[in-house]
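Here are the chains, one letter per residue:
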Amino acid sequence: MNKFLLQLLRLVSLSIMLFSQSLHAQEIDDKRKIIAQYDSLTKFLPKEKLYVHFDKAIYTTQDTIWFKAYLFDESLKSAAQLSGLIYVEMIDYKGDVVKSMSLPTTAGLTWGGLPINTNYQPGNYTFRAYTNWMQNFGETYFFKKELKIVALQAEQVISKDRYNALMVTKKVPQSYLKGRQKFDVQFLPEGGSWVAGLTQKMAFKAIKANGKGVEIAGEVVDSKKNVVVQFKSNQKGMGYFNLNPKLNEEYTVVFKKPTEIKDQTLPKAQANGITLQVTNDFLSDSLSITINNTLPNQTHYLLGQSRGGLCFVTTIKANTTVKTIKVGKDIFPSGLSQIILLDANKQPVNERSFFINHKDQLKISMATPQTTYSTRDSIPIQLKVADVIGKPVVGSFSMAITDDEQVAKDTLNDSNILTYLLLSSNLKGEIENPGQYFNQANEENHKALEALVLTQGWTSYYNHPIQPTTFKAEKEFTISGKITNILNKPIAKANISLFGRNKELMFLQAVTDDKGQFVFNNLPAMDSASFVIQALNAKDKKGTLGIEVDEFKRPVISLIPQINTVDSVEVVDTTVNNLIKNQQQAYVITNGGQMLKEISVVGKKVIRKSKNLNGPGNADLTLGEADLNKVAKKTLYQVIEEQVRGFRAGTMKKTPEQAFFVNNSIVKLVIDGTDVDFFYHPVLLYSNNEHLMFLKGYLDYYDAEDIAGIEVMYTSRNVGPYRAQFVNPMSNTDYCFIEITTKSGSGPFLKKAANMYLYKPMDYGDLKVFYSPKYTSATKSIKGTDFRSTLYWAPNLITNEKGETQTSFFSSDKKGTYTIWLEGTDMLGNFGVKTLKLQIK
């Protein structure tokens, strides 16, 4: 080899080495960029997880809904750092909020109770819980739970046996049968791509009209009617099959079971693309990830993520047609995780969810001195909690004890803190029997879990752009706002007074900062509170100041309105019928031996949430939502002018001052229970119509679509309670009262009111205490009516440094079995659930 050739080879080798180093450096730089982008998302848009434990899921109209909330950051390893305030709502089947309240948290924990009062009609409800910060990411991050309220009138429900009998005689209402045979079947390729010439998994899920899974079977045929694959789902309607689709071939799914499902066409395969396949074998300690690629000259990046954390990143070099990677399962925490494939522009093109259970949950021991007790016995319970390696755990736990005859609980399959935080909260749609995937670890359940995540796994949330957040994080409940002048400029050093009633009288003061902003914090619990906020300038003069209060913005309710099943026929199981029967019996004995029938107001329109001082429906004229919807775009003034006979503007007797009248009675306007004259302060000394124009400002401000109802009181019978509330007792003036109920229920305020503002805060911080009777030897033998369905509710049992705690309760007058259900966490990433059965003889 001559000298020139040797130097040339050295130069080529050096160039290759330098080029290789350059490529490696570029690869490292790309990985760093991905990690930096991921970290920036976690830092600037941290997410939160919220779970709520209930004493049960079905209640009567005499019950209280007991619950405890656990608020975590997305890693689940600590309490949420940003938020300290949780909002909870009860939403009825029409999508209307029946009750809402806000609760403060301490170390991510809070609890409360919602008494079921006359605002609740029997039917299905959605309990929704969230933080204000969660609204930045959409309601997929909200906690939701379906609850049911049943009346004590047993004729509103029927048993399954009775239903079957009605089916035979064809007497089940058509409103119930309508849609029962409708099905929805979806087919979803693994990873999101369906590419010709590549063998892939095609997952599927079938549901009935009620949202529950239905078992299906069938086959896939090509355009020549050749069967290419047969398939069968599990009992929940989920499964998957392998298929290598041909280009331009049309595949049809023919269903053999149920035969009512119409044939479906699978989507046509793409000519080119990239697929992501993940093999998560039941007994394997690693994942096998395979990339099949028919796209030329394109670099891709593969990453694994879980609980908001990045687990690994690797590069798939350009022109790699097949690549298989082994990844240890131990780099992922227990729960749902994702493998995401990014293109050269760092955009997600494929995603695959998978579930891992390291069985590292808390080990809970729960015991009673004996397993059998008599009625009205004191029953002590000992708890001991340790982590997976046996180290004692200090944690917070909630316990519900229920009567099995009245409350159905499936200890193996029902949802709990583990199933929700590690699985359900990261999936779309309803998860049937989620406990099954945790309590029965076997090959069959593992395959069912694979089918679940293939069909209901999230699409990628890796590449959310970092945008300014709309909803701020709230550490505590505050009342805040801004003061401006007539030119909309902020007023500094304005004196702000807040006064009103909240169980007792309250008076607070604050001063605005340089930006005209004010805040009242360290507030007590709120219960049906109502305040007036007044602003004075730095010289304690009214001037012309505008007050803007930061009102809470409720997230949109996306529930699909349904027929309230209780209004027609609802098929219920024996447990619910027992609940109704027992609570009826208790009610009868308590109320002197007679079961009161349901009371209905006949011939009266009742405005929901009206503050009518005469009671529901007691008015001389009532316009309800049905009436107002017909004239939705008209102003409140136009509606009253057209619909209230005798309404007019006129001049008062013995004075030139103008007023609104109904016939010969002067109108007093009451909005959501507040007399708007409370906010009237004359400005002009010689104006005859200032007060009339003040009232007209309110009537012109609202449209009919903003109003839930209008009630007019002009006869002495209906006017009396209003005169006693709103009129000087020495006055002889005749008044007609018009009660306006707004849909918001926020009262008579405009967006910016001069100097004064009426503010009605959401009920806040009402930590109700569960009442559990205590029997003595003297009361134990007395025949009573203790038929509690929830025997005991303890929302905050705290274990000590030895991992131990104890509690006790008294059994009721009912014999049978009880279920003790305990769940909780140390708020450091460890969770646990434990159940126990007791016999009462």
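Just so it is clear, the model here is predicted, and its values are computed rather than measured.

Q: Just checking my understanding: could you explain the overall build of the protein for this structure?
A: Summing up its helical and strand segments, the protein has twelve helices and 48 strands in all. For the protein, the residues scored as buried account for 50% of the 841 residues in total. In the protein, the share of contacts with a sequence separation of at least 24, taken over all contacts with a separation of at least 6, comes to 69%. Carbon and sulfur atoms make up 51% of the accessible area of the protein, which amounts to about 41600 Å² in all.

Q: What's the story with the packing of aromatic side chains in this structure? I'm lost.
A: Aromatic rings considered in pairs are described by the distance between their centres and by the relative angle of their planes. This structure, assessed with the given rule, holds 40 aromatic pairs. An angle of 75 degrees between the planes, with centres 5.4 Å apart, marks the rings of Trp-66 and Phe-770 as edge-to-face. Residue Trp-66 is located in strand β3 (residues 64-73), and its partner Phe-770 is located in the loop between β44 (763-764) and α12 (777-780); the two are separated by 704 residues in the primary sequence. Take Trp-66: its relative accessible area is 9%, and that puts it in the buried class. An aromatic cluster is present here, built from Tyr-51, Phe-54, Phe-67, Tyr-70, Phe-127, Phe-143 and Tyr-420 joined pairwise through their rings. A cation over a ring is seen here: Arg-648 above Phe-661, with NZ or CZ 4.6 Å from the ring centre.

Q: Looking at this model, I keep getting lost on the sheet that holds strand β22 (residues 335-342). Mind explaining?
A: Whether parallel or antiparallel, the strands of a sheet pair through hydrogen bonds between backbone atoms. Here four strands make up an open sheet; going across it, the order is β20-β19-β22-β23 and the pairing antiparallel. Pairing within the sheet leaves two strands with one partner each, and these edge strands are β20 (309-316) and β23 (348-356). Within this sheet the neighbouring strands show an average axis-to-axis angle of 15 degrees, counted without direction. Bridging between β22 and β23 involves eight bridges; their strand directions are antiparallel. Within β23, the residue paired with Leu-341 across the bridge is Asn-350. Here helix α6 (residues 443-456) sits on the sheet and contacts β22 and β23; the angle it forms with β23, its principal contact strand, is near 150 degrees.

Q: I tried to follow the sheet that holds strand β32 (residues 530-536) on my own but got confused; where do I start?
A: Read across the open sheet, the four strands follow the order β30-β29-β32-β43; overall the sheet is antiparallel. What marks the edges here is a single partner per strand, and that holds for β30 (504-511) and β43 (756-759). Pairs of neighbouring strands in the sheet enclose a mean axial angle of 15 degrees, with direction left out of account.

Q: Looking at this structure, how should I read the environment of Ser-716?
A: When you line up the elements, Ser-716 lands in helix α11 (residues 716-726). Each C-alpha atom, one on Ser-716 and one on Cys-736, is 9.5 Å from the other, the two residues being 20 residues apart in sequence.

Q: When you look at the environment of Arg-554 in this model, what are you seeing that I'm missing?
A: For Arg-554, the position within the fold is in the loop between β33 (546-549) and β34 (571-572). By relative accessible area, Arg-554 is classed as partly exposed at 37%. With 419 residues separating them along the chain, Arg-554 and Gln-135 place their C-alpha atoms 9.1 Å apart. The contacts of Arg-554, once residues within four sequence positions are left out, are Glu-89, Val-97, Ser-100, Arg-128, Tyr-130 and Gln-135.

Q: Would you mind showing me how to read the packing of helix α9 (residues 636-643) against helix α10 (residues 690-701) here?
A: Two numbers describe a pair of packed helices, the interaxial angle and the distance between the axes. Running from amino to carboxyl end, α9 crosses α10 at an angle of 100 degrees, the nearest separation of the two axes being 5 Å. Considering their axes alone, α9 and α10 lie roughly perpendicular with respect to each other. Counted together, Leu-636, Tyr-637 and Ile-640 of α9 and Lys-696, Leu-699 and Asp-700 of α10 form the full contact between these two elements. Taken together, the residues of the contact of α9 with α10 sort by class into four nonpolar, no polar and two charged.

Q: Would you mind going over the nonpolar core with me for this structure?
A: In summary, soluble globular proteins display a tendency toward joint burial of nonpolar side chains. Ranked by internal contacts, the top residues of the largest apolar core, which has 79 residues, are Phe-127 and Ile-533. Counting residues per element, this core draws most heavily on β3, at six residues. Of all hydrophobic cores here, the second largest spans 33 residues; its members include Val-532, Val-676, Tyr-702 and Cys-736.

Q: I tried to follow the confidence of the model for the protein on my own but got confused; where do I start?
A: For residues with low pLDDT, the predicted coordinates do not support detailed interpretation. For the protein, the average pLDDT comes to 86, and 87% of its residues sit at 70 or higher. Below a pLDDT of 50 lies the segment residues 154-180, which in the model reaches 39 contacts outside its immediate sequence neighbourhood of four places, other chains included. Considering only residues more than four positions removed or in separate chains, one finds that residues 563-571, a stretch of pLDDT under 50, has 26 contacts.

Q: Looking at this model, I keep getting lost on the pattern of salt bridges. Mind explaining?
A: Oppositely charged side chains are able to pair whenever their charged atoms sit close together. For the structure shown, the criterion picks out 25 salt bridges. Here the salt bridges do not stand alone but share partners, grouping Glu-89, Arg-128, Glu-139, Lys-144 and Arg-554 into one network.

Q: How should I be thinking about the pairing of β32 in this particular structure?
A: The side chains of a regular strand alternate between both faces of the sheet. Most of β32 is tucked away: six of the seven residues are buried. Strand direction decides the pairing type here: strand β29 (residues 495-502) and β32, joined by seven bridges, are antiparallel. From the neighbouring strand, Asn-495 faces β32, where its bridge partner is Leu-536. Inspection of the sheet shows β32 paired to β43 by four bridges, in the antiparallel sense. Across the sheet, Val-532 pairs through a bridge with Leu-758, a residue of β43.

Q: Quick question: what am I supposed to make of the side chain of Lys-56 here?
A: Turning to its location among the elements, Lys-56 is positioned in the loop between β1 (48-54) and β2 (58-60). Reaching out from Lys-56, the side chain makes a polar contact with the side chain of Thr-790 at a distance of 3.2 Å. Contacts of Lys-56, omitting those with residues within four sequence positions, involve Asp-63, Leu-147, Val-407, Lys-409, Ser-789 and Thr-790.

Q: Quick question: what am I supposed to make of unusual backbone geometry here?
A: Apart from glycine, the bulk of residues carry a negative phi angle, and the bulk of peptide bonds sit in the trans form. The residue after Lys-257, namely Pro-258, is reached through a cis peptide bond having omega -15 degrees. If you trace the backbone, Pro-258 turns up in the loop between β15 (252-257) and β16 (264-265). Even without being glycine, Asn-319 reaches a positive phi, approximately 70 degrees. For Asn-319, the location among the structural elements is in the loop between β20 and β21 (322-328). Among the residues examined, Asn-319 registers a relative accessible area of 45% and is labelled partly exposed. Of note, Asn-522 is a non-glycine position whose phi angle comes to about 55 degrees, a positive value.

Q: Would you explain the environment of Pro-258 in this entry?
A: With relative accessibility at 15%, the residue Pro-258 sits in the buried group. As for Pro-258 and Gly-218, which are separated by 40 residues in sequence, their C-alpha atoms are 8.9 Å apart. Every residue in contact with Pro-258, bar those within four places of it in the chain, is listed here: Phe-183, Val-214, Glu-215 and Ile-216.

Q: For this particular structure, what's the right way to read α10?
A: Here α10 is twelve residues long and its end C-alpha atoms lie 17 Å apart, about the 16 Å a rise of 1.5 Å per residue gives. If you check which residues of α10 are buried, you get Glu-690, His-691, Leu-692, Phe-694, Leu-695, Tyr-698 and Leu-699.

Q: So what exactly am I meant to see when it comes to α6 here?
A: Count 3.6 residues to each turn of an α-helix, and residues three or four apart come out pointing the same way. Counted at 1.5 Å a residue, the expected span for α6 with its 14 residues is 20 Å, and the 20 Å between its end C-alpha atoms agrees. Judged by how many residues are buried, α6 sits mostly within the fold: eleven of 14 residues are covered. Within α6 the residues assigned to the buried category are Asn-445, His-446, Ala-448, Leu-449, Glu-450, Ala-451, Leu-452, Val-453, Leu-454, Thr-455 and Gln-456.

Cut-offs and rules
- Residues numbered from 1 in each chain as written.
- Predicted model: local features only at pLDDT ≥ 70, side-chain atom pairs only at ≥ 80, totals over all residues.
- Heavy atoms only, no water.
- Helix = DSSP H or I, 4+ residues; strand = E, 2+ residues; numbered from the N terminus.
- Buried < 20%, exposed > 50% of the residue type's maximum accessible area, 1.4 Å probe, protein only.
- Contact = heavy atoms within 4.5 Å.
- Areas by Shrake-Rupley, 256 points an atom, 1.4 Å probe, with all protein chains shown as cover.
- Phe/Tyr/Trp six-rings, centres within 6.5 Å; stacked < 30°, edge-to-face > 60°.
- Lys NZ or Arg CZ within 6 Å of the ring centre and 35° of its normal.
- Pairing = 2+ DSSP bridges.
- Axes fitted to C-alpha atoms, helices over the stretch in contact; angles between N-to-C directions.
- Parallel < 35°, antiparallel > 145°, perpendicular 65-115°, else oblique.
- Nonpolar A, V, L, I, M, F, W, Y, C, P; charged D, E, K, R; others polar.
- Core = buried A, V, L, I, M, F, W, Y, C linked by side-chain atoms within 4.5 Å.
- pLDDT = per-residue confidence, 0-100.
- Salt bridge = Lys/Arg side-chain N within 4 Å of Asp/Glu carboxyl O.
- Polar contact = N/O pair within 3.5 Å; in protein donor to acceptor, adjacent residues only side chain to side chain.
- Expected span 1.5 Å × (residues − 1).

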